Amino acid sequence: MSRILEVRIPDGPLPEKWSNYKAKARLVSPNNRKKLDVIVVGTGLAGASAAASLAEMGYNVKSFCFQDSPRRAHSVAAQGGVNASKNYRNDGDNVFRFFYDTIKGGDFRSREANVYRLAECSASLIDQAVAQGVPFAREYGGYLRNRSFGGVQVSRTFYARGQTGQQLLLGAYQALMRQVSAKKVTLYARHEMLDLVVIDGRARGIIARNLDTGQTERHAAHAVVLATGGFGKIYYLSTLAMGCNASAIWRAHKKGAFMANPSWTQIHPTCLPQSGAYQSKLTLMSESLRNDGRIWVPLQHDDTRAPGAIPEEERDYYLERKYPSFGNLAPRDIASRAAKEQIDAGKGVGPLKNAVYLDFSKAIGEYGKSTITERYGNLFTMYKKITGIDAYREPMKISPAAHFSMGGLWVDYDLMTSVPGLFAIGEANFSDHGANRLGANSLLQACVDGYFVLPYTLQNYLADEIRTPRFDPDSTPFIEVERAVKAQLQQFTDCRGSKTADEFHRELGRELYDKCGLLRSGEGLRNAIRNIRELREAFRHDLLVPGHTDEVNSELEKAGRVADYMEIAELMCIDALHREESCGAHFREEYQTAEGEARRDDERFCYSAAWQWTGNPSEPVLHKEPLVFETITPTVRSYK
Amino acid sequence: MDIVLKIWRQKDQDSTGKLETYTLEEVNPDMSFLEMLDTLNHNLVKQGERAIEFDHDCREGICGQCGMMIDGIAHGPLKHTTTCQLHMRSFCDGQTIQIEPFRAEAFPVIRDLKVDRSAFDRIIASGGYVSVDTGQAPEANSIPIAHHDAEAAFDAAVCIGCGACVASCKNASASLFTAAKISQMTRLPQGREEAGTRVTRMVRQMESEDFGHCTNTEACEVECPQAISVLHIARMNYEYNRAGIFFNKA
Ligand SMILES: Cc1cc2nc3c(=O)[nH]c(=O)nc-3n(C[C@H](O)[C@H](O)[C@H](O)COP(=O)(O)OP(=O)(O)OC[C@H]3O[C@@H](n4cnc5c(N)ncnc54)[C@H](O)[C@@H]3O)c2cc1C
Ligand code: FES
């Protein structure tokens, strides 16, 4: 049965909601805080900032990550920048404009109150990061520099060379290590969370596997925070790191946490194309390249001439043609979809005909090579390192790749999931980006969740827990969950089939990318669901994992992640199939305008879809969170 | 291209390891080095054998998790490039490539090519931060920082913590790693109040781990994927001595 979800948005006009919340939020006195334990899974920007802030407040924190150091979480990979409405440029930026850009960018499919809070807290993040020593770009006078990023008309993006994520994360990591040294945080690197322990309806701990020894461990706490990042790796080829996974959130989902809008995935237009079957990941080339690069394909099908040999009149600069006002800077979802159309029409370039050109010859002609080097030198070097091609002489080849999960665990205004005591922050939750994320907004969201929101909302929850004694990790509920985890691991190594986890993963990824990627259709999705079920069955019987469970075993780690992908993939297709409209990154072929643009259906689909696990991956139950717009009016998102 | 691989296999920290020989055919020059190892692992697993364990995650040269000695050079023959960004076009058909873990007493082998670099985390924990709690920060532009100072701090801040500096140093010294963080922070006004305690604690922590001392061979700079300059080590030494004279505490 379906129920209306309780979002618990505070009273008052939009700009006052967060202040009202903070004014009324319950507190825990300092001497009681040391009696309370919190588990934070994930050490990316969201997890590290939350763990450090909670420890500073006096809580005992256990911090987990699967990498060998917390500093290596995939937040490091973000190049472009982080948004904040400081209005340093005096260009008319303010909190409302930031809020509106984000809501519109998300195609009016996110919650007003959360997005407003994100915009409101953005300025404090820059203060915090600068105080930690994050070396943002500066003007010669010593003040902070900004640039503009896709989809907006103001300059509100702060950046640190091409390493914004890395530098922000080092700030958060150092704050975390300071608390490790103060003995308020215990670090569990190379640990993978494999299940959630729920006692009397509340999250009370996790089961984690020590990846160095293979031993499973039971950890108890008064609350659990998941900051485990995105799961775009489900498509196999993506811009995510090899270890990124959905296991933590999916296993929490199976313990009662709802998954919201799981099929909304941002596919980034400027990645390096796949070069062969052995390919393990796709590297993102910064979107900033589209400021000076022109995107084109040959007009002729299967044109095998070198790019330089194709005369101007035989090229199709399709973005400039279709979107004259935004041109090559059209938003990500639109640029990606347009590229796919060209590739599918047989106009793709490169040996696998899976790419389009990104051409700098005009810009080099106009501004000179040295200017282009100054702007993008490091990207050209990286391109050469990976492809062996000099992009000053020959256009780059780019293609779309899975990049960011807008979907994730459903959370209320407090960032608490539908399991009391279980919180989800950063990319792991579904909250702020609607159906399409604006560039440079997600580093911000991860940081704001961890530094500024969770410390209030988690404390509000813990205020009721001061009388709850510590749970015994040796008690039956923990032992039972651990037993189930061990049994599953054993099953993987006992299976002794013929196909590796990677082989299954590749097949699943291809199916999803084709049918639940940039373009979706009812028929394709129904077909994908059938195929995924078959693949899941095959995985159960035919998986091959050499070695044992009680030792370092990367094949076993992969198997666990792929097992979860096999289930979540079906939910993604079910979610995409049920939503009979197009919005943001979710483009249903049946629901488009005569000009081929997305057709949203606010009558029927102005809600977030939160799915409940029932025990059968094919039969989730849908709950709807209606999106109520009190302050703004949804419009048609047009970039023509 | 066809290649021969001699790869270090070691079951765990307590076992002795040895080099095993494998051959791999039809390697595509556009493959990355780690994709080449993926391919070898795929073949091994298909035969029911244990995959070669190695560390990696982002495969974009930024997380610092990958790293191995390739023909005796940390991260392999291409200068200022992490193992994951190295491609097979840097090798020739028929070549024999020897792959070993980063060697250092402070980096014990976990299995095969995986090592334990947690000593680096402990060095940072000993003082590699600005002691500012969440919520205490002043308005960002109230701390102006000259462009060249910000850039100079950045040149040190780019360290990815991979450990190639330790692996290429004949003394297995962690000086470049430690100095990069100290140097970044001494260039900035933030956290200046604690500069003396920071450098003292970090250097002492570094010395209490199993790292060797720096004897200025400068191999670390040559192999560092981020080309971090050894001049930062000089700055660390200066700061350390200065702290000894002026602060004489911590
Ligand atoms: C290539 C790339 C470029 C990007 N560029 C930008 C940009 O310019 N601007 C922007 O705003 N955003 C950008 N993004 C998006 C942004 O980087 C991410 O959304 C954000 O960093 C996510 O942070 P996080 O803390 O939620 O997750 P992550 O940083 O991914 O951290 C996840 C953490 O969870 C841990 N973890 C995961 N699963 C488990 C488990 N089962 N058990 C234990 N631990 C687990 C991991 O070890 C890790 O510590 C980019 C993303 C990519 C991939
Ligand atoms: S895998 Fe991240 S730097 Fe090589």
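Conventions used here
Residues numbered from 1 in each chain as written. Chains lettered and ligands numbered in written order. Predicted model: local features only at pLDDT ≥ 70, side-chain atom pairs only at ≥ 80, totals over all residues. Heavy atoms only, no water. UniProt positions renumbered as here; feature names shortened; annotations may be inferred. Salt bridge = Lys/Arg side-chain N within 4 Å of Asp/Glu carboxyl O. Helix = DSSP H or I, 4+ residues; strand = E, 2+ residues; numbered from the N terminus. Buried < 20%, exposed > 50% of the residue type's maximum accessible area, 1.4 Å probe, protein only. Pairing = 2+ DSSP bridges. Contact = heavy atoms within 4.5 Å. Buried area = accessible area lost by both parts, 1.4 Å probe. Polar contact = N/O pair within 3.5 Å; in protein donor to acceptor, adjacent residues only side chain to side chain. Domains from an automatic or database assignment.

Chain B appears in an unreviewed UniProt entry as Succinate dehydrogenase / fumarate reductase iron-sulfur subunit from Sinomicrobium oceani. Of the comments in the UniProt record for chain B, the one headed Sequence similarities (unreviewed entry) reads "Belongs to the succinate dehydrogenase/fumarate reductase iron-sulfur protein family."

Per an unreviewed UniProt entry, chain A carries the name succinate dehydrogenase and comes from Sinomicrobium oceani. Here is the UniProt Catalytic activity (unreviewed entry) comment for chain A, exactly as written: "a quinone + succinate = fumarate + a quinol". Among the UniProt annotations of chain A, the heading Cofactor (unreviewed entry) holds the following wording: "FAD".

Novice: How should I be thinking about the pattern of salt bridges in this particular structure?
Specialist: Proximity of charged atoms lets side chains of opposite charge pair with each other. With the rule as written, the count across this model stands at 71 salt bridges over all chains. Measuring nitrogen to oxygen at the nearest pair gives 2.8 Å for the salt bridge that ties K86 of chain A to E139 of chain B. On the criterion of chain membership, the pair formed by K86 of chain A in the loop between β3 (82–83) and α4 (95–105) and E139 of chain B in the loop between α2 (118–125) and α3 (147–157) is interchain, its members lying in two chains. On the accessibility criterion, K86 of chain A (14% relative accessible area) is buried. Owing to a relative accessible area of 35%, E139 of chain B belongs among the partly exposed residues under this scheme. The network of salt bridges with common partners includes D68, R72, R190 and D212 of chain A together with D55, K114 and R117 of chain B.

Novice: What exactly am I supposed to notice about the sheet that holds strand β4 (residues 73–74) of chain B here?
Specialist: Where strands meet in a sheet, backbone hydrogen bonds hold them as pairs that are either parallel or antiparallel. Residue and element names in this part refer to chain B. Strands sit in the order β2-β1-β5-β3-β4 across an open sheet of 5 strands; the sheet is mixed. The outermost strands of the open sheet, each flanked by one partner alone, are β2 (18–24) and β4. With 2 bridges connecting them, strand β3 (residues 69–70) and β4 associate as antiparallel partners. In the strand pairing of β4, I70 is matched with I73.

Novice: Would you explain the interface of chain A and chain B in this entry?
Specialist: Contacts between the two partners involve 76 residues from chain A, matched on the other side by 76 residues from chain B. Interface area, chain A with chain B, both sides summed: about 6,200 Å², of which 49% is carbon and sulfur. The largest per-residue losses of area from chain A upon contact with chain B belong to R72, R161 and Y278 of chain A, which jointly make up 12% of the total buried on that side. Scanning the region where chain A abuts chain B turns up 11 salt bridges. If you look at where chain A meets chain B, you find 48 residue pairs in polar contact (both at pLDDT 80 or more). Broken down by secondary-structure element, the contributors of at least two residues to the side of chain A that touches chain B are α3 (45–57), α5 (112–132), α6 (164–181), α11 (369–387), α12 (442–462) and α16 (554–578) of chain A.

Novice: Would you mind going over the domain arrangement of chain B with me for this structure?
Specialist: By convention, interface size is frequently given as the accessible area that disappears when the constituent parts associate. Residue and element names in this part refer to chain B. Each assigned domain of chain B is listed here: domain 1 (3–103) and domain 2 (117–133 + 141–249). A separation of 30 Å is found between the C-alpha centroids of domain 1 and domain 2. Listed as interface residues are 17 residues of domain 1 and, on the opposing side, 15 residues of domain 2. Where domain 1 abuts domain 2, roughly 1,100 Å² becomes buried across the two surfaces, and 55% of that area is made up of carbon and sulfur atoms. The three residues of domain 1 that bury the most area against domain 2 are G64, H80 and F102, which together make up 39% of that side's buried surface. Joining domain 1 to domain 2, the criterion identifies 1 salt bridge.

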